[in-house]
Amino acid sequence: MPGIDESLLEAMRLPGARGASLVDWISGLALGAVGEAPGGDWEATAAETAELARHVAESGSLAAAVAPEKEPPVEDMIATTADAYHLLRFVSTPFDSTVFLHLWLDRNDGNLALARIRLSEMADRLVLG
């Protein structure tokens, strides 16, 4: 089972990958990062995406309280820009998980459908700790 570094390197092998990170959405810290960072700074990017992820996860948690399920209420988020895709995949863990994988893809070279599938597989295999 791969750890953080191995998972991020695997993400970088996806077509069009520009950068990848694992972020704690409570603290806003990048637990690991490889490749380029949007805006050139992984810590700033981690803090910004963590804020968005936290809002979405908390909104999903409210919905889950009404209709509880075994799966997390939010699987992933996709943000698009003129030249890129940003895919955030929430990682389920046996403990109260507060991390997500962030993959930055070039819009011309990346395959968003393939990236979603592979990031989901990576999140399932990821070993934290």
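Our subject is the structure that appears above.
Treat the numbers as computed from the prediction; the structure is a model and nothing was measured.

Enquirer: Explain the overall build of the protein here, please?
Expert: When helices and strands are tallied, the protein shows three helices and five strands. Listing the helices and strands of the protein from first to last along the sequence gives α-β-β-α-β-β-β-α. In the protein, once contacts between residues fewer than 6 apart in sequence are set aside, the share between residues at least 24 apart is 52%.

Enquirer: For this particular structure, what's the right way to read the nonpolar core?
Expert: Taken as a class, soluble globular proteins show a tendency for nonpolar side chains to be buried jointly. Formed by 20 residues in total, the largest nonpolar core has its most connected members in Val91, Leu101, Leu103 and Leu119. No other element matches helix H3 (residues 112–125), which puts five residues into this core. Setting aside its immediate chain neighbours within four residues, leucine 101 contacts Leu8, Ser21, Leu22, Leu87, Leu88, Arg89, Val91, Leu119, Met122 and Ala123.

Enquirer: Just checking my understanding: could you explain the packing of helix H1 (residues 4–12) against H3 for this structure?
Expert: In helix packing, the relevant descriptors are the interaxial angle and the interaxial distance, both defined with respect to the helix axes. Across the interface, H1 lies against H3 with an axial gap of 10 Å and an inter-helix angle of 170°. Classified by the angle their axes make, H1 and H3 are roughly antiparallel. Between H1 and H3, the contacting residues are Ser7, Glu10 and Ala11 on the first element and Leu119, Met122 and Arg125 on the second. Of the residues belonging to the contact of H1 with H3, the class tally is three nonpolar, one polar and two charged.

Enquirer: Is there a simple way to think about a negative patch on the surface in this case?
Expert: The grouping of Asp41, Glu43, Glu48 and Glu51 at the surface amounts to a negative patch. Judged by relative accessible area, which is 37%, aspartate 41 ranks as partly exposed.

Enquirer: Looking at this structure, I do not really get the packing of aromatic side chains. What am I missing?
Expert: The geometry of an aromatic ring pair comes down to the distance between the two centres and the angle between the two planes. Under the counting rule described, the total for this entry stands at one aromatic pair. Taking 6.1 Å as the distance between ring centres and 50° as the angle between the ring planes, the aromatic pair formed by phenylalanine 90 and phenylalanine 100 counts as tilted. One end of the pair, phenylalanine 90, is in strand E4 (residues 84–90); the other, phenylalanine 100, is in strand E5 (residues 99–106), and 10 residues separate them in sequence. Like phenylalanine 90, the residue phenylalanine 100 is buried in the burial classification.

Criteria and cut-off values
- Positions within a chain are numbered from 1, following the residues in the order the chain's sequence is written.
- Local features in this predicted model are restricted to residues of pLDDT 70 or higher, and side-chain atom pairs are both shown and tallied only at a pLDDT of 80 or more, whereas totals for entire chains, interfaces and linings draw on every residue.
- Side-chain metrics in this entry use all non-hydrogen atoms of the structure; hydrogen atoms and water are not considered.
- Numbering of helices and strands runs from the N terminus, with a helix taken as a DSSP run of H or I at least four residues long and a strand as a DSSP run of E at least two residues long.
- Here, two residues are considered to be in contact whenever any of their heavy atoms come within 4.5 Å of each other.
- In these notes, a set of buried Ala, Val, Leu, Ile, Met, Phe, Trp, Tyr and Cys residues joined through side-chain atoms within 4.5 Å is what counts as a nonpolar core.
- Partly exposed residues are those whose accessible area sits between 20% and 50% of the maximum for their type, while under 20% is buried and over 50% is exposed, using a 1.4 Å probe and protein chains only.
- Orientation is described by lines fitted to C-alpha atoms, with helices fitted over the stretch in contact, and by angles between N-to-C directions that extend from 0 to 180 degrees.
- Should an angle lie under 35 degrees it is considered roughly parallel, over 145 roughly antiparallel, and from 65 to 115 roughly perpendicular; all remaining angles are considered oblique.
- Here the term charged refers only to Asp, Glu, Lys and Arg, the term nonpolar to Ala, Val, Leu, Ile, Met, Phe, Trp, Tyr, Cys and Pro, and the term polar to all other amino acids, Gly among them.
- A residue counts toward a patch only above 30% relative accessible area and without a salt bridge, and it is joined to like-charged neighbours within 9 Å or, for Val, Leu, Ile, Met, Phe, Trp and Tyr, to nonpolar neighbours within 5 Å.
- Computed with a 1.4 Å probe, the accessible areas rest on the Shrake-Rupley method; for each residue, only the protein chains presented here act as cover.
- By definition, a salt bridge exists where a carboxyl oxygen of Asp or Glu is found within 4 Å of a side-chain nitrogen of Lys or Arg.
- None of His or the chain ends enter the tally, which takes Lys and Arg as positive and Asp and Glu as negative.
- Here the site of a charge means atom NZ of a Lys, CZ of an Arg, CG of an Asp or CD of a Glu.
- Pairing of aromatic rings covers Phe, Tyr and the six-membered ring of Trp, with a centre-to-centre limit of 6.5 Å; geometry is then stacked below 30 degrees between planes, edge-to-face above 60, and tilted otherwise.

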